[in-house]
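The lines below spell out each chain.
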Amino acid sequence: MAQKLSQLTLKDAAGKDAGTIELDADVFGLEPNVPVMHQVVTAQLAARRSGTQSTKTRAEVRGGGKKPWAQKGTGNARQGSIRAPHFTGGGVALGPKPRKYDQKTPKKMVKLATRSALSDRAAEGKVVVVDSWNFDTPKTKSAKQALESLDVGGNVLVVLSQDDTNARLSFRNLPRVQVIGSGDLNAYDILCSDWVVFTKSSLPTGTALGDASGAPAPANRAEADTASAAADHEGPHGKGSHAANDDGSEPEGFPIKGNADSMLFHVPGSRFYKQTIAEVWFATEEAAEAAGFSKPGSQKSEEDQ
């Protein structure tokens, strides 16, 4: 059985050792689930299809309103329009029409596929963690030298935090390097890359890509610290709660809305989340339930589906 945490040598932008860093086995130490990765990648590629192909039927082709010749007496087969499918310039029978190719993929499956892909790269020793890039100004030459110092080649996926602007501008012009935000990490981009390079701030933590329950979780260590502090915050409804702000905005680390009149709570992405006015905010569903709030039946049915 794999250990909960494994260690990886931390690097700096010059390729030198800068200590060690822990990788959680829940993200980087799984047995890759190949069927799930295949299904999720297939769904990703299907969603990219525009689906705008269209052919005209005999009713949509211009012309052909007049009967081409008399019904009887000509020796020819009877015809009603020169725009029938068997005529040149006629409509197309059973041709393609605009459609969507999207496949409904459960969130748990998407997260498992991403964790499986990261575990596959980690097992091959193709994961690198850099302390920070520290680019004073955007410079492609510096980015190229950094990758050479790290001894990574081929297709490289560089995962950056949202505020690492100089690094993003430095790496984006390199032909075999793909830059992606930590919140956009997905199985397809990982599997298309030979190396995955993280920074300390963009490295996924233990529950960053979802646990067995599929619950949303922070994307990096900074967000994990914020979530931990929010869970310990003592608010009007106990730990993990926060009073509503004067302007109605969401307190940092408290994404769940609670309605004191109905004693219901609404999670982000649910049907009535945007319409709900929050009298109290919660850090987790457990904190909301501990305060006596419950989840609407509509949300439970959506999760079951």
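Residues numbered from 1 in each chain as written. Predicted model: local features only at pLDDT ≥ 70, side-chain atom pairs only at ≥ 80, totals over all residues. Heavy atoms only, no water.

### A closer look at the pattern of salt bridges
Line of reasoning, step 1. Evaluated as defined, the whole model comprises 5 salt bridges.
Line of reasoning, step 2. Across the salt bridge formed by Glu 60 and Lys 97, the nearest N and O atoms sit 2.9 Å from each other. Of the two residues, Glu 60 is situated in the loop between α2 (34–48) and α3 (107–123) and Lys 97 in the loop between α2 and α3; the sequence distance between them amounts to 37 residues.
Line of reasoning, step 3. Asp 120 is the salt-bridge partner of Arg 121, the closest N and O atoms lying 2.7 Å from each other.
Line of reasoning, step 4. Judged by its relative accessible area of 8%, Arg 121 is buried.
Line of reasoning, step 5. The network of salt bridges with shared partners includes Asp 120, Arg 121 and Glu 124. (Salt bridge = Lys/Arg side-chain N within 4 Å of Asp/Glu carboxyl O. Helix = DSSP H or I, 4+ residues; strand = E, 2+ residues; numbered from the N terminus. Buried < 20%, exposed > 50% of the residue type's maximum accessible area, 1.4 Å probe, protein only.)

### With respect to the packing of aromatic side chains
Line of reasoning, step 1. Tallied over the full model, the rule gives 5 aromatic pairs.
Line of reasoning, step 2. When the ring of Phe 28 is compared with that of Phe 198, the centres are 6.0 Å apart and the planes differ by 90 degrees; the resulting orientation is edge-to-face. Linking Phe 28 in helix α1 (residues 25–28) with Phe 198 in strand β6 (residues 195–199), this pair joins segments that are 170 residues apart in sequence.
Line of reasoning, step 3. You can call Phe 28 buried: its relative accessible area is 7%.
Line of reasoning, step 4. On the basis of relative accessibility, which here comes to 0%, the residue Phe 198 falls in the buried class.
Line of reasoning, step 5. On the basis of an interplanar angle of 20 degrees and a centroid distance of 6.0 Å, the ring pair of Trp 133 and Phe 135 is categorised as stacked. (Phe/Tyr/Trp six-rings, centres within 6.5 Å; stacked < 30°, edge-to-face > 60°.)

### Some points on the packing of α2 against α3
Line of reasoning, step 1. Following both chains from N to C, one finds α2 and α3 inclined at 115 degrees, their axes separated by 9 Å at the closest point. Here α2 is positioned roughly perpendicular relative to α3, judged by the angle of their axes. With respect to the hand of their crossing, α2 and α3 are arranged in left-handed fashion. In contact with Val 36, Met 37, Gln 39 and Val 40 of α2, α3 contributes Met 109, Val 110, Leu 112, Ala 113, Ser 116 and Ala 117.
Line of reasoning, step 2. Looking at side-chain class alone, the contact of α2 with α3 contains 8 nonpolar, 2 polar and no charged residues. (Axes fitted to C-alpha atoms, helices over the stretch in contact; angles between N-to-C directions. Parallel < 35°, antiparallel > 145°, perpendicular 65-115°, else oblique. Left-handed = near helix turned anticlockwise from the far one by under 90°. Contact = heavy atoms within 4.5 Å. Nonpolar A, V, L, I, M, F, W, Y, C, P; charged D, E, K, R; others polar.)

### Structural notes on the sheet that holds strand β12 (residues 280–282)
Line of reasoning, step 1. As summarised here, the arrangement of the 4 strands in space is β9-β12-β10-β11, forming an open sheet in which the pairing is antiparallel. Bordering the open sheet on either side are β9 (241–243) and β11 (264–266), each of which pairs with just one other strand. Across the sheet, the mean angle from the axis of one strand to that of its neighbour is 30 degrees, orientation sign disregarded.
Line of reasoning, step 2. Sheet analysis places strand β10 (residues 256–259) next to β11, joined by 3 bridges and oriented antiparallel. Bridged to Asn 259 within β11 is Leu 264. (Pairing = 2+ DSSP bridges.)

### Description of the pairing of strand β5 (residues 177–181)
Across a regular strand the side chains alternate sides, sitting on one face of the sheet and then on the other.
Line of reasoning, step 1. Across 5 bridges, the pairing between strand β4 (residues 156–160) and β5 is parallel. The residue bridging Val 158 from the neighbouring strand is Val 179, located in β5.
Line of reasoning, step 2. In this fold, β4 hands off to helix α5 (residues 165–171), which returns the chain to β5; that crossover is right-handed. (Right-handed = clockwise from strand over helix to strand, strands pointing away.)

### A look at the environment of Gly 153
Line of reasoning, step 1. Here Gly 153 shows up in the loop between α4 (140–150) and β4.
Line of reasoning, step 2. Residues Gly 153 and Asp 194, spaced 41 residues apart in sequence, show a C-alpha to C-alpha distance of 7.5 Å.
Line of reasoning, step 3. Sequence-distant contacts of Gly 153, defined by excluding residues within four places in its chain, comprise Asp 194 and Trp 195.

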